[in-house]
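These are the residues of each chain, in order.
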Amino acid sequence: MKWFFSLVLLVITTDQLTKKLAITFLKDAAQNIVIIPGLLSLTYAENRGVAFSLEFAPPIVLLILTVLITVLVLLYVIRSKNRTALFLVSFALITGGGIGNMIDRIMTGRVVDFIYFDIYNGYLFGTYLSLWPIFNIADSAITIGACLCIIFHKKLFPDESQAVTSHVR
């Protein structure tokens, strides 16, 4: 479990440090910092909602949901007997990312985002569409952790019915 909490702390620290740098260098900048022209840039944004800036509830409700989900994930990991590296890394990334964004919601009521992949901006069926949202390290950690859970679902959550052996002769 020491590895689990170390990775959670690393994600939180990296997330908060990069957000402070984004606030310092990008918030009042007239334009973004281009890393790969036409593809990747650092662009300051504030997000009061959840993924893709969806605002389905007031900020206090989002904060309560974030706290509740984070506590439930922590309880699940602590009570689980699974101590494989894959299991712990997956849930440490999700937990660290959740706490990183929760800190923003507590401190300012919004989440700082700054990583922008310009995959597509234009019109689709007559509607202007920016295909990829601006995100942060916490969002990346949550997404990677969730993807690991999906991709390695059978390893992380083995089917209990297959593990039971029949005692019939």
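The shown structure was predicted, so the numbers you read here are calculated from the model rather than taken from an experiment. (Residues numbered from 1 in each chain as written. Predicted model: local features only at pLDDT ≥ 70, side-chain atom pairs only at ≥ 80, totals over all residues. Heavy atoms only, no water.)

1. Brief notes about a nonpolar patch on the surface
Together, Phe56, Ile60, Val61, Ile64, Leu65, Val67, Leu68, Ile69, Val71, Leu72 and Leu75 give the surface a local cluster of nonpolar side chains, amounting to about 970 Å² of exposed area. With respect to the helices and strands, Leu68 occurs in helix H2 (residues 59-79). (Patch = residues over 30% accessible without salt bridge, like charges linked within 9 Å, V, L, I, M, F, W, Y side chains within 5 Å. Areas by Shrake-Rupley, 256 points an atom, 1.4 Å probe, with all protein chains shown as cover. Salt bridge = Lys/Arg side-chain N within 4 Å of Asp/Glu carboxyl O. Helix = DSSP H or I, 4+ residues; strand = E, 2+ residues; numbered from the N terminus.)

2. Remarks on the nonpolar core
In this structure, Phe4, Val8, Ile12, Val73, Val77, Phe87, Leu88, Phe91, Ala92, Ile94, Cys149 and Leu156 together form the largest nonpolar core, which totals twelve residues. If one sorts the elements of this core by residue count, helix H3 (residues 85-108) sits on top with five residues. Contact partners of Phe87, with chain neighbours within four places excluded, come to Tyr76, Val77, Ser80, Asn82, Leu156 and Phe157. With eight residues, the next largest nonpolar core counts Ala22, Leu40, Val112 and Phe135 among its residues. (Core = buried A, V, L, I, M, F, W, Y, C linked by side-chain atoms within 4.5 Å. Buried < 20%, exposed > 50% of the residue type's maximum accessible area, 1.4 Å probe, protein only. Contact = heavy atoms within 4.5 Å.)

3. Here we look at the sheet that holds strand E3 (residues 111-117)
Strand order in this open sheet of three strands is E1-E2-E3, and the pairing throughout is antiparallel. Each edge of the open sheet is held by one strand with a lone partner, namely strand E1 (33-36) and E3. Pairs of neighbouring strands in the sheet enclose a mean axial angle of 35°, with direction left out of account. Of the strand pairs in this sheet, E1 and strand E2 (residues 40-47) are connected by three bridges, and their pairing is antiparallel. Residue pairing for E2: Ile36 is matched across the bridge by Leu40. (Pairing = 2+ DSSP bridges. Axes fitted to C-alpha atoms, helices over the stretch in contact; angles between N-to-C directions.)

4. Comments concerning the packing of H2 against H3
The geometry of H2 relative to H3 is characterised by a closest axis approach of 10 Å and an angle of 155° between their N-to-C directions. As the angle between them shows, H2 and H3 are arranged roughly antiparallel. Here the hand of the crossing between H2 and H3 comes out left-handed. Here Leu62, Leu63, Thr66, Val67, Thr70, Val73, Leu74, Tyr76 and Val77 of H2 come into contact with H3, specifically with Phe87, Leu88, Phe91, Thr95, Gly98, Ile99, Met102, Arg105 and Ile106. Its residues placed into classes, the contact of H2 with H3 shows 13 nonpolar, four polar and one charged. (Parallel < 35°, antiparallel > 145°, perpendicular 65-115°, else oblique. Left-handed = near helix turned anticlockwise from the far one by under 90°. Nonpolar A, V, L, I, M, F, W, Y, C, P; charged D, E, K, R; others polar.)

5. Focus: helix H4 (residues 137-151)
The terminal C-alpha atoms of H4 lie 21 Å apart, and with 15 residues this matches the ideal 21 Å at 1.5 Å per residue to within 8%. One side-chain oxygen at the N-terminal end of H4 lies 2.9 Å from the backbone nitrogen of Ala138; it belongs to Asn136. (Expected span 1.5 Å × (residues − 1). Polar contact = N/O pair within 3.5 Å; in protein donor to acceptor, adjacent residues only side chain to side chain.)

6. Some remarks on the packing of helix H1 (residues 2-26) against H4
Two numbers describe how H1 lies on H4: the axes approach to 8 Å, and their chain directions differ by 145°. Two secondary-structure elements touch here, H1 through Val11, Thr14, Asp15, Thr18 and Lys19 and H4 through Ile137, Ala138 and Ala141. Classifying every residue of the contact of H1 with H4 gives four nonpolar, two polar and two charged.

7. Quick word on the environment of Leu148
Here Leu148 shows up in helix H4. By relative accessible area, Leu148 is classed as buried at 19%. Note: C-alpha distance between Leu148 and Thr13 (135 residues apart in sequence) is 21 Å.

8. Describing the pattern of salt bridges
When charged atoms on two side chains of opposite charge get close, those side chains can pair. Inspection of the entire model under this criterion finds four salt bridges. Between Lys19 and Asp104 there is a salt bridge whose closest N-O contact spans 2.9 Å. Highlighted residues: Lys19 in helix H1 and Asp104 in helix H3, separated in sequence by 85 residues. For the residue pair Lys19 and Asp104, the accessibility class agrees, reading buried in each case. Each of Asp15, Lys19 and Asp104 takes part in one network of salt bridges that share partners.

9. Things to note about the pairing of E3
E3 sits mainly inside the fold: six of its seven residues count as buried. Pairing between E2 and E3: six bridges, direction antiparallel. If you follow Leu42 over to E3, its bridge partner there is Ile115.

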